[in-house]
Amino acid sequence: MREITLAFTGASGAPYGWRLLELLLLQGVRVHLLISSAARVVFATEHNIKLAGAPDKCTEQLQARFNCGDGQLTVYGKDDWFSPVASGSAAPKQMVICPCSTGTVAAIAMGASDNLIERAADVVIKEGGKLILVPRESPLSAIHLENMLKLARLGVTIMPAAPGFYHQPQQISDLVDFMVARILDQLGLEQQLTARWGYGGDRATSGSNTNSGEHE
């Protein structure tokens, strides 16, 4: 079974993380899930989902919610240093932090490793794995940009939660699926959430000449 570490932190964008978790489980991926205290507040506020605080209770809650097999989803606490994701000898080689707060970006850029999310990210970087960060902040300060640039130079994939519109979204879920589809692409997983550029037919090109004076 393929394994991926997924983390939710306190940035706005809970629907992105929730949808990503759903699709990873549907594809049979084993998910090691890390949830910050701030993320629980954001999920309750943005998605009306109250995640249990105790890792074992949260695991049971989410297993029931997504009807996934025993062992496919495990939630770990922020100080669970004996979890597989804390060591390069056991951690999955792919990790996504979605949504990713700029505070988490800063901590990872500094190699802080003060909690399990930061340590898991540090492990993926040092082991040469695939780390994807999905920040959601606006405007971005020079501090934010410098931290992201530092990580990008280390091979970290920075994917701001900035959905496109060429697929002509009709509802909020279409915007969420756009970003999740791009994340799945980066992970090398199959997805058919949105039409790819150049393959959407009239849907992708309609309206392109509504203002002939705007072409670059």
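Residues numbered from 1 in each chain as written. Predicted model: local features only at pLDDT ≥ 70, side-chain atom pairs only at ≥ 80, totals over all residues. Heavy atoms only, no water.

*Asks:* Hey, could you run me through the packing of helix α1 (residues 14-26) against helix α3 (residues 55-66) in this one?
*Replies:* Axis angle and axis distance: for two packed helices, these are the angle between their axes and the distance between the axes, and together they describe the pair. Where α1 contacts α3, the two axes come as close as 11 Å, and the packing angle between them is 70 degrees. Here α1 is positioned roughly perpendicular relative to α3, judged by the angle of their axes. In the packing of α1 onto α3, the handedness of the crossing is right-handed. Residues Trp18, Leu21, Glu22 and Leu25 of α1 form the contact with α3, whose participating residues are Leu62, Arg65 and Phe66. Of the residues belonging to the contact of α1 with α3, the class tally is five nonpolar, no polar and two charged. (Axes fitted to C-alpha atoms, helices over the stretch in contact; angles between N-to-C directions. Helix = DSSP H or I, 4+ residues; strand = E, 2+ residues; numbered from the N terminus. Parallel < 35°, antiparallel > 145°, perpendicular 65-115°, else oblique. Left-handed = near helix turned anticlockwise from the far one by under 90°. Contact = heavy atoms within 4.5 Å. Nonpolar A, V, L, I, M, F, W, Y, C, P; charged D, E, K, R; others polar.)

*Asks:* Just checking my understanding: could you explain the packing of aromatic side chains for this structure?
*Replies:* How two aromatic rings sit relative to each other is set out by the distance from centre to centre and by the angle between their planes. Scanning the model with the defined rule gives four aromatic pairs in all. Note on tryptophan 18 and phenylalanine 66: the rings are 4.9 Å apart at their centroids and 45 degrees apart in plane angle, and the pair reads as tilted. Taken together, the positions of tryptophan 18 in helix α1 and phenylalanine 66 in helix α3 put the pair 48 residues apart, joining distant regions of the chain. What links up through ring pairs into an aromatic cluster is the set Phe8, Trp18, Phe43 and Phe66. (Phe/Tyr/Trp six-rings, centres within 6.5 Å; stacked < 30°, edge-to-face > 60°.)

*Asks:* Even after reading the chapter, I still don't get the nonpolar core, so can you show me in this structure?
*Replies:* As a rule of thumb, nonpolar side chains are buried together in soluble globular proteins. Leu21, Leu24, Leu33 and Leu62 are the most contacted members of the largest nonpolar core, which has 40 residues in total. Tallying contributions element by element places α1 first for this core, with eight residues. Residue contacts for leucine 62: discarding those within four places in its chain leaves Trp18, Leu21, Leu33, Leu51, Asn67, Leu73 and Val75. By size, the runner-up hydrophobic cluster in this structure holds 21 residues, among which are Tyr76, Ile108, Ala109 and Ala121. (Core = buried A, V, L, I, M, F, W, Y, C linked by side-chain atoms within 4.5 Å. Buried < 20%, exposed > 50% of the residue type's maximum accessible area, 1.4 Å probe, protein only.)

*Asks:* Can you help me understand unusual backbone geometry in this one?
*Replies:* A negative phi angle characterises most non-glycine residues, just as the trans form characterises most peptide bonds. Cis rather than trans, the peptide bond between cysteine 98 and proline 99 has omega equal to 0 degrees. Tracing the chain through its elements places proline 99 in strand β4 (residues 94-100). Cis rather than trans, the peptide bond between serine 138 and proline 139 has omega equal to -5 degrees. As for its placement among the helices and strands, proline 139 is situated in the loop between β5 (130-135) and α6 (142-153). We note that asparagine 48 has phi near 55 degrees; this positive angle belongs to a residue other than glycine.

*Asks:* Explain the environment of serine 83 to me, please; I cannot follow it from the model alone.
*Replies:* Inspection of the secondary structure puts serine 83 in the loop between β3 (73-76) and β4. Serine 83 gets classed as buried once you look at its relative accessible area, which sits at 5%. Sequence separation between serine 83 and histidine 32 is 51 residues, and the spatial gap between their C-alpha atoms is 9.2 Å. When near neighbours in sequence (up to four residues on either side) are disregarded, serine 83 contacts Tyr76 and Leu116. A polar atom in the side chain of serine 83 sits 2.9 Å from the backbone oxygen of aspartate 80. (Polar contact = N/O pair within 3.5 Å; in protein donor to acceptor, adjacent residues only side chain to side chain.)

Function cannot be inferred from these measures alone, as they are strictly geometric.
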